[in-house]
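# A closer look at the structure
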Amino acid sequence: MNSSLLTAPPSSRHSSPFLNPTPFRFSTTSPTKRRRYRISVVRSSSASPDPLTPPPPSVAPDVFGGRRELTGVQPLVDSLPPPLRLAGSALIVAGAIAAGYGLGFRFGKSQNTALGGAVAFGAAGGAAAYALNACVPEVAAVSLHNYVCGCDYPGAVKKEDIEEIAKKYGVSKQDEAFNGELCDLYCRFLTSVLPPGSEDLKGDEVDTIIKFKSSLGIDDPDAAAMHMEIGRRIFRQRLETGDRDGDIEQRRAFQKLVYVSTLVFGEASKFLLPWKRVFKVTDAQVEVAVRDNAQRLYAFKLKSVGRDVDVDQLVSLREAQLSCLLSDELAEDMFKEHTRKLVEENISTALSILKSRTRAVLFSRGATPVVEELNKVLAFNYLLISLKSHPDADRFARGVGPISLIGGEYDGDRKMDDLKLLYRAYVAHSLSSGRMEENKLAALNQLKNIFGLGKRETEAIMLEVTIKAYRKRLAQSVSGGDLEAADSKAAFLQNLCEELHFDPKKASEIHEEIYRQKLQQCVADGELNEEDVAILLRLRVMLCIPQQIVEAAHADICGSLFEKVVKDAIASGIDGYDDDVKKSVRKAAHGLRLTREAAMSIASSAVRKIFVNYVKRSRAAGNRIEAAKELKKLIAFNSLVVTELVADIKGESSDAASEEPIKEEEAQIKDDDDEWDSLETLRKIKPREDLTSKLGRRGGQTEITLKDDLPERDRTDLYKTYLLYCLTGEVTKIPFGAQITTKKDDSEYLLLNQLGRILGLTDKEIVEVHRSLAEQAFRQQAEVILADGQLTKARIEQLNEVQKQVGLPPQYAQKVIKNITTTKMAAAIESAVSQGRLNIKQIRELKEASVDLDSMLSESLRENVFKKTVDEMFSSGTGEFDGEEVYEKIPLDLNINAEKAKGVVHELARTRLSNSLIQAVSLLRQRNRSGVVSSLNDLLACDKAVPSEPLSWEVPEELADLFAIYTKSDPAPEKLSRLQYLLGISDSTAAMLREMGDKVLQIGAEEEFVF
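Reading guide: rules and limits
- Residues numbered from 1 in each chain as written.
- Predicted model: local features only at pLDDT ≥ 70, side-chain atom pairs only at ≥ 80, totals over all residues.
- Heavy atoms only, no water.
- Helix = DSSP H or I, 4+ residues; strand = E, 2+ residues; numbered from the N terminus.
- Buried < 20%, exposed > 50% of the residue type's maximum accessible area, 1.4 Å probe, protein only.
- Contact = heavy atoms within 4.5 Å.
- Areas by Shrake-Rupley, 256 points an atom, 1.4 Å probe, with all protein chains shown as cover.
- Phe/Tyr/Trp six-rings, centres within 6.5 Å; stacked < 30°, edge-to-face > 60°.
- Axes fitted to C-alpha atoms, helices over the stretch in contact; angles between N-to-C directions.
- Parallel < 35°, antiparallel > 145°, perpendicular 65-115°, else oblique.
- Left-handed = near helix turned anticlockwise from the far one by under 90°.
- Nonpolar A, V, L, I, M, F, W, Y, C, P; charged D, E, K, R; others polar.

## A closer look at the overall build of the protein chain
For the protein chain, the helix and strand inventory stands at 47 helices and two strands. Looking at the 1011 residues of the protein chain, the share that counts as buried comes to 44%. Counted over contacts in the protein chain with a minimum sequence separation of 6, partners at least 24 positions apart contribute 74%. Of the roughly 53000 Å² that the protein chain leaves accessible, carbon and sulfur atoms contribute 52%.

This is the structure we're talking about:
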């Protein structure tokens, strides 16, 4: 058989001709009428049927066919009991023999004829007796068939009656005819019990089959053979079926047969039902068939579970799951899916009501249908949660627990909005009484978990609905006078928040919003009168709004109105700032009840934007003259418009407003007269009575500046641009390429002073700009004069003349001159160090001459000087090493790290120590005695810096020669002793070498020559 029989197919409504055969008609009453009965099976432990009442049959009684009639001698055999039948058989044989003997003797007249007749008639009688006894099994089978057909329903068949029939006819149940009838009856019954391919199992088939099999007393192998035979019939019907639907139907029929057979025979089905061998199906396909049918059967059982599920139903479901051979995982998923579908029904109903046109009418009632449906969902969820924690929960069906919509119809982004609507409706109903009860909070939390809503989503919905409820309660409290009559407004509002479970911070935000709305209504006419102020104060007290919140609201709302007035005033320009504009500014500044700081802040923001525009135009100008003209417009705008605006905001006259900063400026300049008098350009920007009277106006305001809008460098560059304009004047081009420079009078310097205040420059910064400009001009000419770095008397006089021309104070001029000469000297010194022409002695002389070498020479160059000095000391050939000089004095003179210098000395000493020995041996072989002595002195100097262990050499005789040569140089005893130690020469050898003297040297030289 093809293994596709066990592949799970889609359901089909076409019935199989084999699985739904035309049953035999019952011949007693109505031969043309088919009747079906159902056998009841106990499905729940809560109710058990009466054992005295026969259960209704589930199969047709005529499924076994009609009654069979006895033919021939069968009625005779049926009427004779076994003993009488045996005696009758003996009588027949004896009578036949006697009759044959008598007839043979009568007609043959001889004894032989009589015996022949007896034999012939005896054989005939024996044949008749055999025929009589041979039809007994068939009679027994007919009697069995008629017995089963005669029962009211198949469940009435009793095993004792069948055994009595076999006993009655003296046959065995294993007799071929009798056993064949048993198998045929079982096969017919099994065929009638199994539903057609398009129908699902009802759950009672297995118990019915097992009971009927037990009643028949048929053996398991014979019964299993009938199951396999039905499978072959299904296979043949599948081959005969030509359409796809029929093929699918036969597959499902075969799957149901496999499933039922597995349950009927239990573990024995593995060897009694050879599906794999006979039908070529795999174990996995058998498992799929069992699983699919178990799921369908369990799903049928789940249909009885409603929203009022109880303990008995859950226990019964668990028993049904185990009897169906369904795994716990699948059973859990199916139970959860079933409960989810029950909840989805309530949700769908609630949504349909919520979205209907009549929802306004429904919500006007006390308990809305939407909330009722959601309460059903919550009650069902609470029930399942309580059952999960039941003491006997292990006996319950798997999957009992909280409900979740994940994986169902409402598990998706599109449906999430519908769930939010339901959640919002439940929140609104919970707050409809004006307070949030604790049980409602718990219900909302459960509803959030059921819907699968996130924390942020639910909090947003809660906040939105609660804000509306809080506003409603607050309006009722204000209109009813409860809030105003309360002794403590804060306690009243706090209690209101607690009843609604509302965040007090959010409540404060609502209070602020209410106050802002009221303030906007009050300032609709452009000012706040006394009545408006009283109303706002009362509202502020009732809502407990802090002072900073009130000020911020006034600054925002009243400030926006005032800002519009200020912008209109500024937009009027220099010529348009007339009395009407001044009046509107004063009315807005004082009528809106703004503090002076808030009004000035708003005006400053608007004015600084105009200032920045002037600055941008100045930067975009093609040359310095045009840039200075734009800055001049900025100064005029500040004097004629901004100064008047500031005075109107303060409620003062423009003259009084401008005199105060001038007085402060004059007082500050008097304190720094020395510094201001040092530069000519600074003296010119001092406010003087003759210039101010000539200009006919006072200085501009200084409260609004660009200090925070532009970086310091940009502000100083702008100031420097106008300063250069004041110095150079205005250049006018005339025909033939000529230019005329128009010098400016000192009044431009007064405008320069105002520009500095507008830019927010401090006096120190202004002085620095003037000084740097003069210093720059002086430096350019001084570098030309001091090109070679030599400072002579004539050049000093020339530099003094330049200093007077640019107006630079003498101290700054001397600093520039010193800087130039120092730079030139530093370059020369650095070159000398790099070329090795500068030693430590010369460096000390320069330091005594107050030359700052630390700034002229980098640290790396100074370290190179130190390294070179130490290296010269180790190669001088004197053998002297002054630790104090090297480790302390020289690093101090060069201003380098002493520890680092000491490390350099040790590194050089170790390197030079081994090199000195090699050099001494090399000079020895060259017979250069003086060079040998110098190399050995260098070795001793390195040893003083870093004491060494005795040295090793491949030719010890050469070490002896070195020692002998050194002894002839009349060294100090301590040097000779140290060299003896370093060369590893014993005292005896040293004494012998002193005695032998030059003789040893000659012998050594000759041996070396011979070698």
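After that view, the rundown keeps rolling.
## Some points on the packing of aromatic side chains
The tally for this structure, following the rule as stated, stands at eight aromatic pairs. Taking the centre distance of 5.1 Å and the plane angle of 35° together, the rings of Tyr-470 and Phe-502 count as tilted. With Tyr-470 in helix α19 (residues 455-480) and Phe-502 in the loop between α21 (489-500) and α22 (504-522), this pair connects stretches of sequence that are 32 residues apart. The exposure classification of Tyr-470 matches that of Phe-502, with both residues buried. Ring geometry for Tyr-722 versus Tyr-725: centroids 5.5 Å apart, planes at 45°, classification tilted. Residue Tyr-722 and its partner Tyr-725 are located together in helix α33 (residues 712-728), separated by three residues, close to a single helical turn. We note that Tyr-722, like Tyr-725, is buried. Each residue in the set Phe-254, Trp-275 and Phe-279 is aromatic and connected to the rest through ring pairs, giving one cluster.

## Notes on the packing of α22 against helix α24 (residues 547-571)
At a closest axis distance of 10 Å, the pairing of α22 and α24 adopts a crossing angle of 40°. By the angle class used here, α22 and α24 are oblique. Of the two possible hands of crossing, α22 and α24 adopt the one that is right-handed. Contacts between α22 and α24 involve Glu-512, Tyr-515, Arg-516, Leu-519 and Gln-520 from the first element and Ile-549, Val-550, Ala-552, Ala-553, His-554, Asp-556, Ile-557 and Cys-558 from the second. Across the contact of α22 with α24, the residue classes tally to eight nonpolar, two polar and three charged.

## Considering the environment of Ala-621
Secondary-structure assignment places Ala-621 in the loop between α27 (596-619) and α28 (624-650). With a relative accessible area of 22%, Ala-621 lands in the partly exposed category. Look past the residues within four positions of Ala-621 in its chain and what remains in contact with it is Glu-626 and Ala-627.

## Description of unusual backbone geometry
Excluding glycine, a negative phi dihedral is what most residues carry, and trans is how most peptide bonds are arranged. One non-glycine residue, Lys-280, adopts positive backbone phi at about 60°. Positioned with a positive phi, Leu-325 is a non-glycine residue whose angle comes to about 65°. Assignment of secondary structure puts Leu-325 in the loop between α13 (311-323) and α14 (328-354).

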